[in-house]
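# Examining the three-dimensional arrangement
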Amino acid sequence: MDMETRYPIWKDPSWLPYCWAILIFFCSRVVVALGLVFSQKYLTIGRADVWSAGPIWYHQLLQWDSQWYFKIVTDGYQYNGDPTVQQNIVFYPLYPMLARGLATISGLTPADALLLVSNVAGLLAIVVLFKLVREEFGNQLALATTALLSFFPASVLLSAGYTEPLALLLIVSFFLALKRKYYLSAALLAGLAVSTRSTGVVLLPVLLWEMWANRDQTKFLLALVPCVLLATSGIWLFMIYLWSAFGTPFAFADGQAAFHQGTTLATRLIAALKLEPFTRMMLNDWNPWGQASWFTLLFIILIVLGWSRLRSSWTLFAMAVLLLPYLTLSGGPAGFVSMSRFNLVSFPLFVTLADLVLRAKWLLAGVIGLFGASLFMNTALFARRIWIG
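Residues numbered from 1 in each chain as written. Predicted model: local features only at pLDDT ≥ 70, side-chain atom pairs only at ≥ 80, totals over all residues. Heavy atoms only, no water.

Here we come to the packing of helix α3 (residues 65-75) against helix α5 (residues 110-137). The N-to-C vectors of α3 and α5 enclose an angle of 115 degrees; their axes lie 10 Å apart at closest approach. In the packing of α3 onto α5, the handedness of the crossing is right-handed. Counting all contacts with α3, which are made through S66, Y69, F70, V73 and T74, the residues of α5 involved are P110, A111 and L114. Class assignment of the residues belonging to the contact of α3 with α5 gives a composition of 6 nonpolar, 2 polar and no charged. (Axes fitted to C-alpha atoms, helices over the stretch in contact; angles between N-to-C directions. Helix = DSSP H or I, 4+ residues; strand = E, 2+ residues; numbered from the N terminus. Left-handed = near helix turned anticlockwise from the far one by under 90°. Contact = heavy atoms within 4.5 Å. Nonpolar A, V, L, I, M, F, W, Y, C, P; charged D, E, K, R; others polar.)

Structure below.
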């Protein structure tokens, strides 16, 4: 029985289901807050020279990559021409630009502006995701999807100083526009997404797929060029800026080697094509970074199972989101580390998982319980600057 039959769409015009979705997300943020409080009270940072964004307890959510975004907000992009040294030009501009604009207009500190942008974007992303899945499969599956994504262990980043909340908001908004065949709007959202993080680039083939599948020959040809230009605008505008400011449009790509122990993109790609990351999977390491291998296998299974359950464009997107970091990063020293974070924005995975666990209510409760416990642990560790993937 397909998902459309199992989950008949309930045409309920009321706002109550949205309140449930928001409440679910807020409950997951309570888990994050408790993790922060527990971390501050019972865990210590091993080094005294660790960077800190501020003294307030929630500033603990600004760790790792957040430091780079903080520096972009306060000092702008900087590049000395040496791609072997870690520099902030590898980080995409939309998120720090919004935070900088908010800080300038409101008078908020850069730290607070970064967190406010992330948390507002995370909340809006959940609301739009609920709307998208609800229109496709009804309230039950939409609420289950919302719960699974909200409590997913890596979802601490939906409240942290990272690009995932903004990227998720733009991605689900893109798919909502695509569902309504608003192709220019979808292309604009794709362009904004690619200016937020590299994952946005996979929206272009999804857009072209949907345009071709629903094409009117004349309209397709007329819309093709402006849609492609809009959907890629985030990356080529950033490249124009880098060329103007530093004389090299590919500084953001060349600089990635410094974050991967000097390995080049070609080296990582060849290793990935030879399936070397699968020979280095950490299946006996239950630390957060070790769990990434198991989650990668889960994501692959969910993509296969979702093939016959979801729209083809949703499955194409999920495949592309998984393949992008696999081909560009996993062949290097990182392996499958961070795959949970990279796939946090891959909402079709959570839709398929929701369909599976809804077959038994106890299974849904059990998975959310496990996710919630892991979310608490990940938050506590992340706040103490311990790598969680």
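Let us look at a nonpolar patch on the surface. Together, V225, L229, W236, L237 and I240 line one region of the surface with nonpolar side chains, adding up to about 460 Å² of accessible area. Only α10 (217-231) and α11 (233-246) provide two or more residues apiece to the nonpolar patch. With 3 residues, α11 is the single largest residue contributor to the nonpolar patch. By secondary structure assignment, the location of W236 is in helix α11. (Patch = residues over 30% accessible without salt bridge, like charges linked within 9 Å, V, L, I, M, F, W, Y side chains within 5 Å. Areas by Shrake-Rupley, 256 points an atom, 1.4 Å probe, with all protein chains shown as cover. Salt bridge = Lys/Arg side-chain N within 4 Å of Asp/Glu carboxyl O.)

What follows concerns the packing of helix α2 (residues 16-42) against helix α19 (residues 361-383). Packing of α2 against α19 brings their axes to within 8 Å, and their N-to-C directions diverge by 40 degrees. When the axis of α2 is compared with that of α19, the two are oblique. The handedness of the crossing between α2 and α19 is right-handed. Contacts between α2 and α19 pair S28, R29, V31, V32, L34, G35, L36, F38 and S39 from the former with G372, L375, F376, T379, A380 and A383 from the latter. The residue inventory of the contact of α2 with α19, partitioned by class, reads 9 nonpolar, 5 polar and 1 charged. (Parallel < 35°, antiparallel > 145°, perpendicular 65-115°, else oblique.)

Attention now goes to unusual backbone geometry. Positioned with a positive phi, Q261 is a non-glycine residue whose angle comes to about 55 degrees. For Q261, the position within the fold is in the loop between α12 (251-254) and α13 (265-273). We classify Q261 as exposed; its relative accessible area is 69%. Positive phi values are uncommon outside glycine, yet R385 reaches one of about 60 degrees. The residue R385 is located in the segment after α19 in this model. (Buried < 20%, exposed > 50% of the residue type's maximum accessible area, 1.4 Å probe, protein only.)

Between the first and last C-alpha of helix α15 (residues 291-306) there are 22 Å, a value that for 16 residues agrees with the 22 Å anticipated at 1.5 Å per step. The complete set of buried residues in α15 reads Q291, A292, S293, F295, T296, F299, L302, I303 and G306. (Expected span 1.5 Å × (residues − 1).)

In this structure the tally under the stated criterion is 0 disulfides. We note that C19 lacks a disulfide partner, and the nearest cysteine sulfur, in C27, lies 13 Å from it. For C19, a relative accessible area of 34% corresponds to the partly exposed category. (Disulfide = S-S within 2.5 Å.)

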